[in-house]
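Reading the structure
Below, each chain spelled out in residue letters.
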Amino acid sequence: MLAVAGDGQVTMADHVIKHKAKKVRKIYNDKIVVGFAGVTADAMNLSERLDAKLNRYNGNLERSAVELAKDWRTDKYLRRLDAVMIAGDESRIFLISGSGDVIEPDDAIIGIGSGGVVAQAAATALIKHSDLDTKAIVEESMKIAASICIYTNNALTIEELKEKD
């Protein structure tokens, strides 16, 4: 099972502009979950581009992520986009960045954005030392990040994909 959470806080410098933004969504016929951090318009643009790549490559997430990262790194316009994203299906998750990174984490746990390191550390500990299900681990990890990071709040959006039987 895959669960991806995003907080709702949007900031500009030291001001909170929005409390309930949706930074996580399903794309490609609800088979892929994406989450992003960074400039909102840039992240939305990248999400749409990933969806187009998924359509072009018949839902092959790895190929689509690599092609998006290649475009993002080499295209004169896309190079200026300031965001980072994660994309996952029922079996794999990737971090995709503008510097050309397409990284599949060893433990299928990844955090991005200002509270990402805290959330990732909390999720790692909860997986090893609790019986919580995937969604509960993601939710608790984000709550911990929100309690520590001033750029993370607890207005969460959580999207899940369940493995096929």
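Parameters and conventions
- Positions within a chain are numbered from 1, following the residues in the order the chain's sequence is written.
- Since the coordinates come from a predicted model, pLDDT governs what is reported: local features require at least 70, and pairs of side-chain atoms require 80 or more to be given and counted, while whole-chain, interface and lining totals use all residues.
- Here the side-chain values reflect all heavy atoms present in the structure, with hydrogen atoms and water set aside.
- Salt bridge, as used here: a side-chain nitrogen of Lys or Arg that lies within 4 Å of a carboxyl oxygen of Asp or Glu.
- Under the scheme used here, helices are H or I runs from DSSP no shorter than 4 residues and strands are E runs no shorter than 2 residues, and both carry numbers assigned from the N terminus.
- The cut-offs for exposure are 20% and 50% of the maximum accessible area for each residue type, with area from a 1.4 Å probe on protein chains only; residues under the lower value are buried, those over the upper are exposed, and the others partly exposed.
- For the purposes of this section, nonpolar cores are sets of buried Ala, Val, Leu, Ile, Met, Phe, Trp, Tyr and Cys residues that join through side-chain atoms within 4.5 Å.
- In what follows, a contact means two residues having at least one pair of non-hydrogen atoms within 4.5 Å.
- Definitions used throughout: a 1 Å grid over protein atoms alone; a cavity as a set of points that fits a 1.4 Å probe which cannot get out; a pocket as an open set with protein on both sides within 12 Å along at least five of seven lines; a lining residue as one with an atom within 4 Å of a point.
- Grid points are joined across faces, edges and corners, and a volume is the space filled by probe spheres set on the points.
- Just so you know the grouping, Ala, Val, Leu, Ile, Met, Phe, Trp, Tyr, Cys and Pro go in nonpolar, Asp, Glu, Lys and Arg go in charged, and all remaining residues, Gly too, go in polar.
- Here a strand pair is declared whenever DSSP counts at least two bridges between the two strands.

For the rest of this paragraph, the subject is the pattern of salt bridges. Using the criterion set out here, one finds 10 salt bridges in the structure. Among the ionic pairs, Asp7 bridges to Lys23, the shortest N-O distance being 2.9 Å. In this pair, Asp7 sits in the loop between strand S1 (2–6) and strand S2 (10–12) while Lys23 sits in the loop between strand S3 (15–18) and strand S4 (24–27), placing the two residues 16 residues apart along the sequence. Residue Asp7 is classed as buried on the basis of its relative accessible area of 7%.

A few words on the nonpolar core. Ranked by internal contacts, the top residues of the largest apolar core, which has 21 residues, are Ile32, Leu50, Met85 and Ile96. Of all elements in the fold, only strand S5 (32–38), helix H1 (40–56), helix H2 (61–74), strand S6 (83–88) and strand S7 (93–97) reach the threshold of two or more residues within this core. With five residues, the top contributor of residues to this core is H2. Residues in contact with Leu50, not counting those within four places in the same chain, are Ile27, Val34, Ser64, Ala65, Leu68, Met85, Ala87 and Ile96. Grouped together as the second largest cluster of nonpolar side chains are seven residues, Val4, Val24, Ile86 and Leu161 included.

Below, the discussion takes up the layout of surface pockets. Of the pockets and cavities examined, the largest pocket occupies roughly 1,000 Å³. What lines the largest pocket is a set of 48 residues, among which Ala5, Ile86, Ile110, Gly111 and Ile112 lie closest to the centre. For the lining of the largest pocket, the secondary-structure elements that each account for two or more residues are S1, S2, S5, helix H3 (116–129) and helix H4 (134–148). Split into classes, the residues belonging to the lining of the largest pocket amount to 24 nonpolar, 16 polar and eight charged. When its volume is computed, the second largest pocket comes out at roughly 150 Å³. In terms of lining residues, the second largest pocket is bounded by Tyr28, Lys31, Ile32, Gly59, Asp89, Glu90, Glu160, Leu161, Lys162 and Lys164.

This paragraph deals with the sheet that holds S7. An order of S4-S5-S6-S7-S8 is seen for the five strands of this open sheet, with the pairing classed as antiparallel. Only two strands of the sheet have a single neighbouring strand rather than two, namely S4 and strand S8 (102–103). Summarising the sheet, S7 and S8 pair through two bridges and their orientation is antiparallel. Bridge pairing in S8 links Ile96 to Val102.

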